[in-house]
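# Understanding the architecture of this molecule
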Amino acid sequence: MSPISIAIAGATGELGVPMTKVLLSELFFPEKINPVVVLSRNPESKKAQELKALGAEIALFSEPFDPAVFKGIDVFLSVLGESLSLEERNRNAKAAADGGVKVYIPSEFGFDHRNMGFHHGLWDRKTAHERYSHTLGIKVVSIYNGMFIEAAFMAVYGADLTNRVYTSVGSPSHKFTVVSEEDIARSTARVAILAAENPNSVPDIVRLHGQSISFHDMATAVSRESGELVEVKGLGYDEFKERLFRASPGGANGNTEDYVRLFEGTSTVSDFSQENENELVNPGQSLWKWTTIEDYARATKGRLRQHY
């Protein structure tokens, strides 16, 4: 098989950098993916030049995209941030389709918000954009990975690293899916390759599952490696939800981190252990081993840092 070509928007962002580095790793580049085209507003930026040094091609773009940017590109991957409007998302996807792209992977990479049971401006935009993208006549694959392992230990999601207190919304024993940044990137590369070669081989919705964990599991893993006790607390789920909705009626402008904490405590959208596409992207873990929180705690010796 000839290598596929990928254009990535948002490549110099928080998720974009590790994503692009994996696309350019020996696992995929140049045998399976080539070229990797970074769409950048500032091609001379330090991050863009670092990716260029790894083998990426850098293309200047300004929104809305010119369809000519996508000439010869098989897959358009977006990891653009939350602030992007619905109109911008739709224009970018249409430009990619008009430019001849075969596969579009929109910027999702989180919990499966389709069944969350409440509204929020960000996820309403993503849902509307996904619906629009499916009218463009190209393969669209949305990827959901639950929580990033690295983000699970952020203060905004309840992990007070300084005082060693982890606070869940709902029971601290409730399980939710986590996947590491690197595993998300590897899986995305695999989805891109498979879908470009045969669109029917990949479902429109791909769920990834690295590990099911709870706040108790997080504390145990960190305590084991650091030798320091981590206290675990739980906030009442219904009370937290009521207070959140009261502060932001309709959810239009609500704090996304607080809503993610609700996701963590809701089984229907947070635990992908029984329904995922792991075997599609990484059959029998033959391509890589899924990272666990124990791996993450071990690698940092339990001395975690705020990742973002």
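All figures in this text were calculated on a predicted structure; none of them were measured in a lab. (Residues numbered from 1 in each chain as written. Predicted model: local features only at pLDDT ≥ 70, side-chain atom pairs only at ≥ 80, totals over all residues. Heavy atoms only, no water.)

## Regarding the sheet that holds strand β8 (residues 147-148)
The mixed open sheet is built from 3 strands, whose spatial order is β8-β11-β13. At either end of the open sheet lies a strand with only one pairing partner, and these are β8 and β13 (211-213). Strand direction decides the pairing type here: strand β11 (residues 176-179) and β13, joined by 3 bridges, are antiparallel. Note that in β13 the partner of F176 across the bridge is I213. (Pairing = 2+ DSSP bridges. Helix = DSSP H or I, 4+ residues; strand = E, 2+ residues; numbered from the N terminus.)

## Notes on the pairing of β11
A two-sided burial pattern is seen for β11, the buried positions comprising F176 and V178 on one face and T177 and V179 on the other. The sheet contact formed by β8 and β11 spans 2 bridges and is parallel. What sits directly across from M147, in β11, is V178. (Buried < 20%, exposed > 50% of the residue type's maximum accessible area, 1.4 Å probe, protein only.)

## Observations concerning the side chain of D112
Counting through the fold element by element, D112 comes out in the loop between β5 (103-105) and α4 (121-133). Within the local environment of D112, its side chain forms a polar contact with the side chain of R207, the two groups lying 2.9 Å apart. Setting aside chain neighbours within four positions, we find D112 in contact with Y144, R207, V269 and F272. (Polar contact = N/O pair within 3.5 Å; in protein donor to acceptor, adjacent residues only side chain to side chain. Contact = heavy atoms within 4.5 Å.)

## Details of helix α9 (residues 256-264)
α9 sits mainly inside the fold: 7 of its 9 residues count as buried. Turning to α9, its buried residues number three or more, namely T256, Y259, V260, R261, L262, F263 and E264. Residue N255 occupies the N-cap position of α9, its side-chain oxygen lying 2.8 Å from the main-chain nitrogen of E257.

## Describing the side chain of T177
Inspection of the secondary structure assignment puts T177 in strand β11. T177 sits in the buried class, given a relative accessible area of 0%. Polar side-chain contacts of T177 include one of 2.7 Å to the side chain of H209. Polar contacts involving the side chain of T177 include one to the main-chain amide nitrogen of F272, which spans 2.7 Å. What T177 contacts, discounting residues up to four positions off in sequence, is F111, N145, G146, M147, L208, H209, G210, Q211, S270, D271, F272 and S273.

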